[in-house]
Amino acid sequence: MVTPSTPRLVVAAPSSGSGKTTVATGLMAAFAARGLAVSPHKVGPDYIDPGYHALATGRTGRNLDAYLCGPELVAPLFLHGARGCDIAVVEGVMGLYDGAAGEGELASTAQVAKLLGAPVVLVVDASAQSRSVAALVHGFMSWDPQVRIGGVILNKVGSARHEALLREALESVGVPVLGVLRRAPLVETPSRHLGLVPVAERRALAVSAVSEMAELVSRGCDLPALEALARTAGAVPGGAAPWTPGLSPTHDDPSASAEGPRPRIAVAGGPAFTFSYAEHTELLTAAGAEVVTFDPLRDEELPDGTAGLVIGGGFPEVYAAELSANEPLRKAVAELALSGAPVAAECAGLLYLSRELDGSPMCGVLDATARMTRRLTLGYRDAVAVGDSVLAAAGARMRGHEFHRTVVEPGAGAAPAWGIRGRERRVEGFVQRGVHASYLHTHWASEPGVARRFVERCRTS
């Protein structure tokens, strides 16, 4: 059962690289070890950290993104994820007050903390400072009086003397020190070109890393004080109710419904396709679909009776040779797409549907080639559907996020998927037959009609 006053904490930092992922994940695991049912959340569009959160808690890691879903859905999605939990831990993104570029506080950790009415624990990298830590923390506390910083966890503290200096300085600020983590070799969480390596690619090592994070936090933090701080959170502001996949706003596609036969929709998974939001599967199921997961690295056939296909994001560039070697599945995907069945592909899915990726043959559904580059494409996007597709009607607006180091040539087909609005006006992606393929990651909770439209097309195609 979830209540509007579920105890909760937001773990934030002055900047990226301060240690908030280690602290947040370790805190989740430490609370779970104390017998608490912990609800894990991540601010922003990140797909990888929630995988570690899920290992730490045994529950699905969920995202809270005020840009992709709108501020009005942050609290409902939080309450949906917190069902049946004793406490919730929300890991922030970047620095506490950093949000969507040029959009003020939108999508920042601070905004999410305010929308949830949650106290903030600030993780500070203290490795190169002593008394200055007080000025830093005071600045973060006073910047926005609506953000309640309830305590500080000092990271990378060098010695007992260093700790004493830091504590003495922070006494003048009046914020409690809820943890001190000494300088130590980093917990083994390897990174590559888009961040941490996903759990699905290193599960045994990831389990060990999460256990080390829990031990680090348990040893260095005041867990009873952190739990007590979480319990000071009152009712979620605004009287929000938990989000429900079966309910939808009135502007959704009225032609789509959960009535009729249950089409089987295959969703790509496994190590190469790890980027997905749990709400997508929940929305597809609520719309009347039977959702089945398959692994393009290992499965040589699509699930029996597949009527539609969803291929999300991930790292196909890392597994290009293995994906290419699975020729039977590549042919099955191409045949399904050629038949006109609905296919929704985002980012990694776009690459997989291309003719080739870094010289390795892919499915050949799209007359395009993909390759790795050194350039990172990153940022939120405001998009409009250029024409009708299995996901949206022409003119429908969606917000999305791009995050990749690959390029696809050409970048758009004769019928593009999206027009990107704002300073960077362009078209991108491909719509052909039942295929909708694009670099844009979207969160369907913002427009539940997307899932219902897709399921309806699977019924009738």
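Residues numbered from 1 in each chain as written. Predicted model: local features only at pLDDT ≥ 70, side-chain atom pairs only at ≥ 80, totals over all residues. Heavy atoms only, no water.

## Quick look at the UniProt feature "site: Increases nucleophilicity of active site Cys" (unreviewed entry) in the protein
At step 1: Within the UniProt annotation, "site: Increases nucleophilicity of active site Cys" (unreviewed entry) is assigned to His441.
At step 2: One can find His441 in strand β22 (residues 441-442). (UniProt positions renumbered as here; feature names shortened; annotations may be inferred. Helix = DSSP H or I, 4+ residues; strand = E, 2+ residues; numbered from the N terminus.)

## Re the packing of aromatic side chains
At step 1: On inspection of all chains with the given rule, the structure shows seven aromatic pairs.
At step 2: Pairing Tyr67 with Tyr380 gives two aromatic rings, centres 4.3 Å apart and planes at 25°, and the pair type is stacked. Remark: Tyr380 occurs in strand β16 (residues 369-385) and Tyr67 occurs in the loop between β3 (62-64) and α3 (74-81); sequence separation between them is 313 residues.
At step 3: Each member of the aromatic cluster is reached from another via a ring pair, and the members are Tyr47, Phe275, Tyr277 and Phe315.
At step 4: A cation sits over an aromatic face here: Arg399 above Tyr67, 4.0 Å from the ring centre. (Phe/Tyr/Trp six-rings, centres within 6.5 Å; stacked < 30°, edge-to-face > 60°. Lys NZ or Arg CZ within 6 Å of the ring centre and 35° of its normal.)

## Comments concerning the environment of Pro242
At step 1: Following the sequence through the fold, Pro242 ends up in the loop between α8 (223-230) and β10 (264-268).
At step 2: Spatially, the C-alpha atoms of Pro242 and Ala392 are 26 Å apart, while their sequence positions differ by 150 residues.

## With respect to the nonpolar core
At step 1: Phe31, Leu96, Leu154 and Leu226 are the most contacted members of the largest nonpolar core, which totals 113 residues.
At step 2: Here this core takes seven residues from helix α1 (residues 20-33), the largest share from any one element.
At step 3: Residue contacts for Leu96: discarding those within four places in its chain leaves Ala12, Ala13, Pro14, Ser108, Thr109, Ala110, Val120, Leu122, Phe140, Val147 and Ile149. (Core = buried A, V, L, I, M, F, W, Y, C linked by side-chain atoms within 4.5 Å. Buried < 20%, exposed > 50% of the residue type's maximum accessible area, 1.4 Å probe, protein only. Contact = heavy atoms within 4.5 Å.)

## Focus on the packing of α1 against helix α2 (residues 49-57)
At step 1: Across the interface, α1 lies against α2 with an axial gap of 8 Å and an inter-helix angle of 20°. The orientation of α1 relative to α2 falls into the category roughly parallel. Like other packed secondary-structure pairs, α1 and α2 cross with a definite hand, here right-handed. Of the residues in α2, those touching α1 at Thr21, Thr25, Met28, Ala29 and Ala32 are Asp49, Tyr52, His53, Ala56 and Thr57.
At step 2: In terms of residue class, the contact of α1 with α2 is built from five nonpolar, four polar and one charged. (Axes fitted to C-alpha atoms, helices over the stretch in contact; angles between N-to-C directions. Parallel < 35°, antiparallel > 145°, perpendicular 65-115°, else oblique. Left-handed = near helix turned anticlockwise from the far one by under 90°. Nonpolar A, V, L, I, M, F, W, Y, C, P; charged D, E, K, R; others polar.)

## What about the sheet that holds β10?
At step 1: The six strands lie next to each other as β11-β10-β12-β13-β21-β20, forming an open sheet whose pairing is mixed. In this open sheet, the two strands that pair with only one neighbour each are β11 (290-294) and β20 (430-432). For this sheet the average axis-to-axis angle between neighbouring strands, irrespective of direction, equals 15°.
At step 2: Bridge analysis of β20 against strand β21 (residues 435-438) gives three bridges, and the strand direction is antiparallel. Each residue of the ladder has a partner; that of Val431, found in β21, is His436.
At step 3: Each of β11, β12 (306-311), β13 (343-346) and β21 is contacted by helix α11 (residues 327-338), which is oriented at about 110° to β12, the strand it contacts most.
At step 4: Across the sheet, helix α13 (residues 449-460) lies against β10, β12 and β13, angled at about 145° from β12, the strand it touches most. (Pairing = 2+ DSSP bridges.)

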